[in-house]
Structure formats: C-alpha cells, structure tokens
Amino acid sequence: MKHNVFILNPIAGRSKNMRSIAENAGRLFGDDVDFIVTRRLDDYYDAIRRYGESGEDIRIFVCGGDGTLNSVLQVAVEYPNLSVTNYACGTGNDFLKHFDHPSMFKDLQNYSDIGESRFDIIRVNDRYSANVMCFGMDARICLTYERIRFMNFIGKYGYKLSCIYNIFKGISQTCRVEFDDGYVFDGPMTFVCVCNNGWYGGSYNPVPDASLTDGYLDVIICKKVSLLQMLRFLPKYKRGRQKDIPDKYMEYRRCRSLRITSPEESPFNLDGETYMCSEAEISVDPGRMRFFYPESAYGTSKKKD
C-alpha cells in the first residue's frame, strides 16, 4: 500500500496544476505515492476508509482549499493511523494562517523535512470543523453563494450579490446559545462565530490568540444590531479587537462545549461548507487531528506541540 496519498479536487484548483503536482510528488516520494482525483465526496470517503482500515501509517495530502480539507477530515480523523496536510492550491487556505510561513505549503519540495502536531478540532453533532464554525448571517451568505456561484452570469460578483441579498432579507435571527458553564444567550442575534483557529473569510482574524492546542473554543456572539452599527464595528472585529466593542453589541467567551438551538433548520458554516440543522451540539475534541507540515512553516513565535 502507498504511504503518501494525494487527494486532488479539480474544482478547488486548476486542472493544469494536477500534472505538476503528480510530477513533483513522484520526484519527492518515488513510487510510494497514490492519487485520488474526484469531485464526489463519496469517492473521497471510500478511499480514505480503505487507507484507514489498513492500519498502516499514511500521510494524506489534501490538494485544495479549506473546503476540501474539511471534507477529507470528516473521515480521516476517525483513523489514528492517518495524518493530513493541506497542499495549498485552493481558493481559500485560512487554516494554514496558523503557521508563521503559510506560503511553505505551496511548494511540495518543502515537505522534504516534515513535522507533525496533534491539533484540536471542533465537533458539530456528527461533523467536524478544523478552523471556524459560523452561524447566522455569515452562514446564510455562504449558503446563498454556494447556490449561485456556478451560474454563468454571476461570475466574480457572486459573493457580493449574496451579501446584498441577505442584507435585504434581514441580518438578524433568533437563537438560543447555552454554554458549558451555565451561561445562556437567548434572543435575536446577527451571528455566532466559534473559533478553533483565528482566521476565516480570507482576511478576518477575530481571535488572534486562538490556539489549536489549548482544548478551548473561542466564541463571539454579535447581538442584534442595525446594518450601520455592524458596519461601524466590523473593522474592529476583523482585526481581532472585539473586546473594544461594547458588550451590548458583541460578547466574547471561552468554553469547551456549547449548544446552539434555532426555531427552524438553519445553515451552519463549517470551514466554508454548509451544514443544515436546527440544534447543534458543539464541542472541542482535543488533539484529535494529526496534521503534518513542512518544518519550515513554523518560525520561532509559535510553540510546536
């Protein structure tokens, strides 16, 4: 059985890059490499299960963005003999911003010297999120975008159109959020953001101190606000200064678990992928994810656990 497996998502990257990936992988690992090229999640899952059930120590290179990594992790974390990495060739690689030098993930030659860590992961009912889970306006915007992104006439304006649509539809909704320490938020809100890592959405870094190894979740609740109020506070939120925003608009808490309940089935966004439900049991699963990386991706500012 091959011990270096490349999962290629032709939607996430560019098909012409696949030949380059195969050539570079061959130079680095010789014959000890396998490739899975598919657009169907079931094909990912079946292949990953076969490798997991082998019991052999296998490295999985996820070639794509955060969404492809999320899809692979749904199965890979169930097998302790599987470790994963994200070879960055998708449209979004926010998870890799945990590292001091995320650009190191763009060149396979950097994997000639490999390190590995065990990272926490967010569990949402029976699903997982490596990076950030969002509920509320953020998740609704992403859901709309998913539905319209492949329409030919939408083009590059898909995300902006999704934002405009959801603003006119209304930016707040009612939910109940129960924390493991007994605290309860019950009422209208704009969004809830549950962070394992600090980055999402390309440039949003609401919790700069979020850690992948501390066994805690960082949670931000944006209460019901007007559009003008949200636009005023958004720059602070984006730069991780949510503590400078008054509690009557936004609150920050840390926990190991929480429950979000909605009166009706609503979208939850897990690393860019939509999950629909009306009640979500959310918890941190410490050290569940085996993640390997080029040693050069870490500088001196972060501890490797």
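Anything mentioned here points back to the structure above.
Residues numbered from 1 in each chain as written. Predicted model: local features only at pLDDT ≥ 70, side-chain atom pairs only at ≥ 80, totals over all residues. Heavy atoms only, no water.

> Lay out helix H6 (residues 227-238) in plain terms, naming residues and giving numbers.
When the terminal C-alpha atoms of H6 are compared, their 16 Å separation across 12 residues agrees well with the 16 Å that a helix rising 1.5 Å per residue should span. Among the residues of H6, Met 230, Phe 233 and Tyr 237 are the ones counted as buried. The buried residues of H6 occupy one face: seen down the axis, they fall within an arc of 85°. Residues Leu 228 and Arg 232 are exposed on H6 and point more than 90 degrees away from its buried face. Of the surrounding elements, those touching the buried residues of H6 are helix H4 (137-148), strand S9 (184-195), strand S10 (217-223) and strand S11 (250-255). One or two steps after H6, the chain reaches Gly 240, where phi turns positive at roughly 80°. (Helix = DSSP H or I, 4+ residues; strand = E, 2+ residues; numbered from the N terminus. Expected span 1.5 Å × (residues − 1). Buried < 20%, exposed > 50% of the residue type's maximum accessible area, 1.4 Å probe, protein only. Arc of directions from axis to C-beta. Contact = heavy atoms within 4.5 Å.)

> For the layout of surface pockets, give the residues involved together with the corresponding values.
Roughly 270 Å³ of volume is contained in the second largest pocket. Mapped onto the lining of the second largest pocket, the elements with two or more residues apiece are H4, helix H5 (158-169), strand S8 (173-179) and strand S12 (257-270). Here the element with the most residues in the lining of the second largest pocket is S12; it accounts for six residues. When grouped by side-chain class, the residues that make up the lining of the second largest pocket number five nonpolar, six polar and five charged. (1 Å grid on protein atoms, 1.4 Å probe; cavity = no way out; pocket = protein on both sides within 12 Å on 5 of 7 lines; lining within 4 Å. Points joined across faces, edges and corners; volume = space filled by probe spheres on them. Nonpolar A, V, L, I, M, F, W, Y, C, P; charged D, E, K, R; others polar.)

> Explain helix H3 (residues 66-76) residue by residue, including any values.
Among the 11 residues that make up H3, 11 are buried, leaving the element largely enclosed by the rest of the structure. Turning to H3, its buried residues number three or more, namely Asp 66, Gly 67, Thr 68, Leu 69, Asn 70, Ser 71, Val 72, Leu 73, Gln 74, Val 75 and Ala 76.

> Explain the packing of aromatic side chains to me, using residue names and the numbers behind them.
In total, this model carries 24 aromatic pairs according to the counting rule given. Between Tyr 293 and Tyr 298, the aromatic rings sit 5.1 Å apart at their centres with planes inclined by 85°, giving edge-to-face as the arrangement. Note on Tyr 293: relative accessible area 2%, which makes it buried. Stacked on the ring of Tyr 183, the Lys or Arg Arg 253 has its end atom at 4.0 Å from the ring centre. (Phe/Tyr/Trp six-rings, centres within 6.5 Å; stacked < 30°, edge-to-face > 60°. Lys NZ or Arg CZ within 6 Å of the ring centre and 35° of its normal.)

> Report on empty space enclosed by the protein, specifying residues and quantitative values.
In the structure shown here, the tally under the stated rule is two cavities of 30 Å³ or more. Considering only enclosed or pocket space, the second largest cavity measures out at about 50 Å³ in volume. Taken together, Phe 191, Cys 222, Val 225, Gln 229, Met 230, Phe 233, Leu 234, Tyr 237 and Met 250 make up the full set of residues lining the second largest cavity. For the lining of the second largest cavity, the element with the most residues is H6, which contributes five residues.

> Could you give an account of unusual backbone geometry, with specific residues and numbers?
Look at Asn 125: it is not a glycine, yet its phi comes out positive at around 55°. One can find Asn 125 in the loop between strand S5 (114-124) and strand S6 (127-129). Although it is not a glycine, Asp 271 adopts a positive phi angle of roughly 55°. Within the secondary structure layout, Asp 271 lies in the loop between S12 and strand S13 (273-294). Here Asp 271 falls in the buried class, since its relative accessible area comes to 10%.

In short, shape yes, function no, at least from these values alone.
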